[in-house]
Amino acid sequence: GLSNHVEISGVRYPTDAITNVTPAILGKLPLRLHTQPGHPLSTLRSLIEAHYPDYAHLSSLSPLVTPYKNFDELSFPKDHPGRAVTDSYYVNKDMMLRTHTSAHEVEVFRAGETKWLLTADVYRRDEIDGSHYPVFHQMEGARLFSADAAGMRECEEDNARLRQQLARSDIVIEDVPHISPTNPVQPSHDPRHAELVAKNLKLSLNTLMLKLFGGVAGSSSENPLRVRWIEAYFPFTSPSFEVEVFFQGKWLEILGTGVVRQATLDTAGVANKMGWAFGLGLERIAMILYSIPDIRLFWSTDPRFLSQFEEGKITTFRPYSKYPSCFKDVSFWSPKDQPLHENDFCDLVRDVAGDIVEDVEKIDNFVHPKTGRTSMCFRINYRSMDRSLSNEEVNAIQAQVVSRLRDQLGVEIR
Ligand code: PHE
């Protein structure tokens, strides 16, 4: 029934009008896949940590953060879409599940860390398919220099070392200017310093891409690894970039990065420093490195999945036969004046069915010309990764989806 609190690792939090965490989501918090020895996400974390041996390696920060920490401290505007209850999970108006590892930048900088990596589970409301899951894992990395001649000398020396490393390797890099009118230097930065720091971030990440993808995406002189830098925008970095890697005929977005906004460093009490930060999604990279075809597999406890992996080793996943799919459609009229958001539908389905929902597709949407009401039809693909589902079982789950749609979201089933 209705309750006025949720309990998360032994602590009770009052709920309010914007509470939208579900038991299915809260059940993921204790799992911490990135720290499970032998799990592909843990091995990938270790591999990246080994590339940055003199950095602090953090991986145990709580996913519960204030919206202030997730957004405001990082200069997100008040009306940023990421804040919407349709996009993020709220425990209540004062507490949410972090949507990115950048939420911890200020506290880690404040603790005095100047070279660090932080790995964590992050939470975003999304549609359901083979490459989207509402919980995934990110790694944040950052490096600060003192914003003076000595710091810039250290940066230049590091750049020379990294440049030599890259010169000996089979990598082709498509670059963009470090600074441009559309990707500006911050007013408080000396442009020559910002250039050096941006160079350092590019060199550092190009060597990381070579380490991660050199083996799978080409690594010979006839078939070099291709890395592409593009201009990007993040509220908490400028200039900002995205890195893409060419893999199996396509450019894949791997990470976001940039020169840290001075406001972030001021808030953290390290106004005399400047530096860079990046954030990368571990699942995306692990799916490529291990040939894992479906993002839900990371959550599987099936020995046919887990037994294929060993801590510290990248091996090619051998898919085992899939169990059959079962498709169910549901059509309904949305509540008056308020078309249902697809993410609300997906969370309800996920809450009822858990990981046996493989895919949700909106197959019809129309507005009645006279009444103005919106009709929608969704097709749910039920399939377990671990066993064969019986028809009765799927029908019972679908009946629960339908009754909760009616009771919780106020739709009229057609
Ligand atoms: N936090 C950003 C994201 O999740 C990535 C990022 C991290 C960008 C650090 C710049 C600097 O998309």
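Residues numbered from 1 in each chain as written. Predicted model: local features only at pLDDT ≥ 70, side-chain atom pairs only at ≥ 80, totals over all residues. Heavy atoms only, no water.

- The protein goes by Phenylalanine--tRNA ligase, mitochondrial in an unreviewed UniProt entry, where it is assigned to Sphagnurus paluster.
- Here the protein is described in UniProt, under the heading Sequence similarities (unreviewed entry), as follows: "Belongs to the class-II aminoacyl-tRNA synthetase family."
- For the protein, the Function (unreviewed entry) comment in UniProt is given as "Is responsible for the charging of tRNA(Phe) with phenylalanine in mitochondrial translation." (UniProt positions renumbered as here; feature names shortened; annotations may be inferred.)

**Focus: the site of the ligand**
Then, number 1: Lining the immediate surroundings of the ligand are 14 residues, of which His 100, Ser 102, Arg 124, Gln 138 and Gly 279 lie closest.
Then, number 2: Expressed as a share of its isolated accessible area of 330 Å², the protein-covered part of the ligand is 89%.
Then, number 3: Elements with a minimum of two residues in the shell around the ligand: strand S8 (135-146), strand S12 (250-260) and strand S13 (273-281).
Then, number 4: It is S13 that contributes the most residues to the shell around the ligand, three residues altogether. (Near = heavy atom within 4 Å. Areas by Shrake-Rupley, 256 points an atom, 1.4 Å probe, with all protein chains shown as cover. Helix = DSSP H or I, 4+ residues; strand = E, 2+ residues; numbered from the N terminus.)

**Focus on the pattern of salt bridges**
Then, number 1: Applying the stated criterion across every chain yields a total of 26 salt bridges.
Then, number 2: Between Lys 28 and Asp 355 there is a salt bridge, with its nearest N and O atoms 3.4 Å apart. Residue Lys 28 is found in the loop between helix H1 (23-26) and helix H2 (40-51), and its partner Asp 355 is found in the loop between helix H10 (342-353) and strand S15 (357-367); the two are separated by 327 residues along the sequence.
Then, number 3: Look at Lys 28 and you get buried, because its relative accessible area is 14%.
Then, number 4: The shortest N-O distance in the salt bridge between Asp 347 and Arg 125 comes to 2.7 Å. Here Arg 125 lies in the loop between strand S7 (115-123) and S8 and Asp 347 lies in helix H10, a separation of 222 residues in the sequence. (Salt bridge = Lys/Arg side-chain N within 4 Å of Asp/Glu carboxyl O. Buried < 20%, exposed > 50% of the residue type's maximum accessible area, 1.4 Å probe, protein only.)

**Comments concerning the pairing of strand S11 (residues 237-247)**
Then, number 1: Among the 11 residues of S11, 10 are classified as buried, and the element is accordingly described as predominantly covered.
Then, number 2: For strand S10 (residues 225-234) and S11, the ladder comprises seven bridges, and the chain directions are antiparallel. By the bridge assignment, Ile 230 is partnered in S11 with Glu 242.
Then, number 3: Linkage of S10 to S11, two consecutive antiparallel strands, is achieved through a turn of two residues.
Then, number 4: Here nine bridges tie S11 to S12, and the two strands are oriented antiparallel to one another. Each bridged residue has a counterpart across the sheet, and for Phe 246 the counterpart in S12 is Trp 251.
Then, number 5: Linking S11 to S12, which pair antiparallel, is a turn of two residues; within it Gln 248 sits at a positive phi near 45 degrees. (Pairing = 2+ DSSP bridges.)

**Examining the sheet that holds strand S9 (residues 171-174)**
Then, number 1: Reading across from one edge, S3-S7-S8-S13-S12-S11-S10-S9 is the order of the eight strands in this open sheet, with mixed pairing throughout. On the outer flanks of this sheet lie strand S3 (56-58) and S9, each paired with one strand and no other. Across the sheet, the mean angle from the axis of one strand to that of its neighbour is 25 degrees, orientation sign disregarded.
Then, number 2: With respect to the sheet, helix H8 (residues 282-290) is in contact with S7, S8, S11, S12 and S13, its orientation differing from that of S13 by roughly 55 degrees. (Axes fitted to C-alpha atoms, helices over the stretch in contact; angles between N-to-C directions. Contact = heavy atoms within 4.5 Å.)

**Here's the deal with the nonpolar core**
Then, number 1: Formed by 73 residues in total, the largest nonpolar core has its most connected members in Ile 48, Met 209 and Phe 213.
Then, number 2: No other element matches the 11 residues that helix H6 (residues 191-213) contributes to this core.
Then, number 3: Ranked by size, the runner-up nonpolar core spans 25 residues in total, among them Val 330, Val 349, Val 401 and Leu 405. (Core = buried A, V, L, I, M, F, W, Y, C linked by side-chain atoms within 4.5 Å.)

**Things to note about the packing of aromatic side chains**
Then, number 1: Under the counting rule described, the total for this entry stands at 19 aromatic pairs.
Then, number 2: Considering the side-chain rings of Tyr 290 and Phe 309, the 5.4 Å spacing of their centres and the 80 degrees angle between planes classify their relative orientation as edge-to-face. Taken together, the positions of Tyr 290 in helix H8 and Phe 309 in the loop between helix H9 (303-306) and strand S14 (326-333) put the pair 19 residues apart, joining distant regions of the chain. Each of the two residues, Tyr 290 as well as Phe 309, counts as buried.
Then, number 3: Considering the side-chain rings of Phe 317 and Tyr 320, the 6.0 Å spacing of their centres and the 80 degrees angle between planes classify their relative orientation as edge-to-face. Across this residue pair, the class does not change: Phe 317 and Tyr 320 are buried.
Then, number 4: Here the aromatic residues Tyr 290, Phe 305, Phe 309, Phe 317 and Tyr 320 are joined through ring pairs into a cluster of three or more.
Then, number 5: Across from the ring centre of Phe 246, 4.6 Å away, lies the NZ or CZ of Arg 226, which sits over that ring. (Phe/Tyr/Trp six-rings, centres within 6.5 Å; stacked < 30°, edge-to-face > 60°. Lys NZ or Arg CZ within 6 Å of the ring centre and 35° of its normal.)

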